[in-house]
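# Structural features, examined
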Amino acid sequence: RWLFHRSTDVTEKRKAAVKVVEDNALLKRYSLRYVTGSSSLPRGFMTELSVLGTNGANSGREFNEVDGEWYPQCWPEVGDDVEEKIDSVAKNFIPVAQEKLAVIMTEVMALFRTR
């Protein structure tokens, strides 16, 4: 299964090196990682979007059993519709999960402020 990992924003120095032409361009980097379909997501508190986007239903599930197309199959073959599935997750599920993540992080940060 493919796992997508968002890394830090590209630095100003790197933007200049790749000659970004657009003003105020924001480049995001993603690394692609691989994991067997029989590997599982952890249980408990987490900020994994595939868990937040399913109200916790994916917590502890094997990647082959995850609800939704969060982790596309890449072996032995990549499906013909993988781009369509990734686009669907990006447009329909990630924004909802990100909203939930923002709420959770606000609550967590509030706990630190009270100490």
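Overview of the structure. (Residues numbered from 1 in each chain as written. Predicted model: local features only at pLDDT ≥ 70, side-chain atom pairs only at ≥ 80, totals over all residues. Heavy atoms only, no water.)

## Some details on a nonpolar patch on the surface
Filter applied, for reference: Put simply, a patch holds well-exposed residues, over 30% relative accessible area, that have no salt bridge, with like charges counted together within 9 Å and Val, Leu, Ile, Met, Phe, Trp or Tyr side chains within 5 Å. The protein chains shown are the only cover counted for residues, whose accessible areas, like all others here, come from Shrake-Rupley with a 1.4 Å probe. By convention in these notes, a salt bridge is any Lys or Arg side-chain nitrogen within 4 Å of a carboxyl oxygen on Asp or Glu. Residue burial is assigned from relative accessible area. The probe radius is 1.4 Å, only protein chains are included, and a residue is buried under 20% of its type maximum, exposed over 50%, and partly exposed in between.
Together, Met 105, Met 109 and Phe 112 line one region of the surface with nonpolar side chains, adding up to about 290 Å² of accessible area. For Met 105, a relative accessible area of 32% translates into the label partly exposed.

## Some remarks on the packing of aromatic side chains
Our working rule: In summary, the pairing rule links any two rings of Phe, Tyr or Trp, Trp by its six-membered ring, whose centres are within 6.5 Å, and it sorts them by plane angle into stacked for under 30 degrees, edge-to-face for over 60 and tilted for everything else. Helical segments are the DSSP runs of H or I of at least four residues, strand segments are the runs of E of at least two, and each set is numbered from the N terminus.
According to the stated counting rule, one finds 2 aromatic pairs in the structure shown. Between the aromatic rings of Phe 63 and Tyr 71, the centroid separation amounts to 4.7 Å while the plane-to-plane angle is 85°, which identifies the pairing as edge-to-face. Each member of the pair, Phe 63 as well as Tyr 71, is classed as buried. Pairing Trp 70 with Phe 93 gives two aromatic rings, centres 6.4 Å apart and planes at 55°, and the pair type is tilted. Here the residue Trp 70 occupies a position in the loop between helix 2 (49-52) and helix 3 (82-113), and Phe 93 occupies one in helix 3, the gap between them amounting to 23 residues.

## Considering the pattern of salt bridges
Under the criterion given, the structure shown has 2 salt bridges. The shortest N-O distance in the salt bridge between Lys 85 and Glu 69 comes to 3.9 Å. In this pair, Lys 85 sits in helix 3 while Glu 69 sits in the loop between helix 2 and helix 3, placing the two residues 16 residues apart along the sequence. The class of Lys 85 is partly exposed, set by a relative accessible area of 31%. Judged by relative accessible area, Glu 69 falls into the partly exposed class, the value being 34%. One salt-bridge network, in which partners are shared between bridges, spans Glu 69, Asp 81 and Lys 85.

Nothing here speaks to function; it is all geometry.
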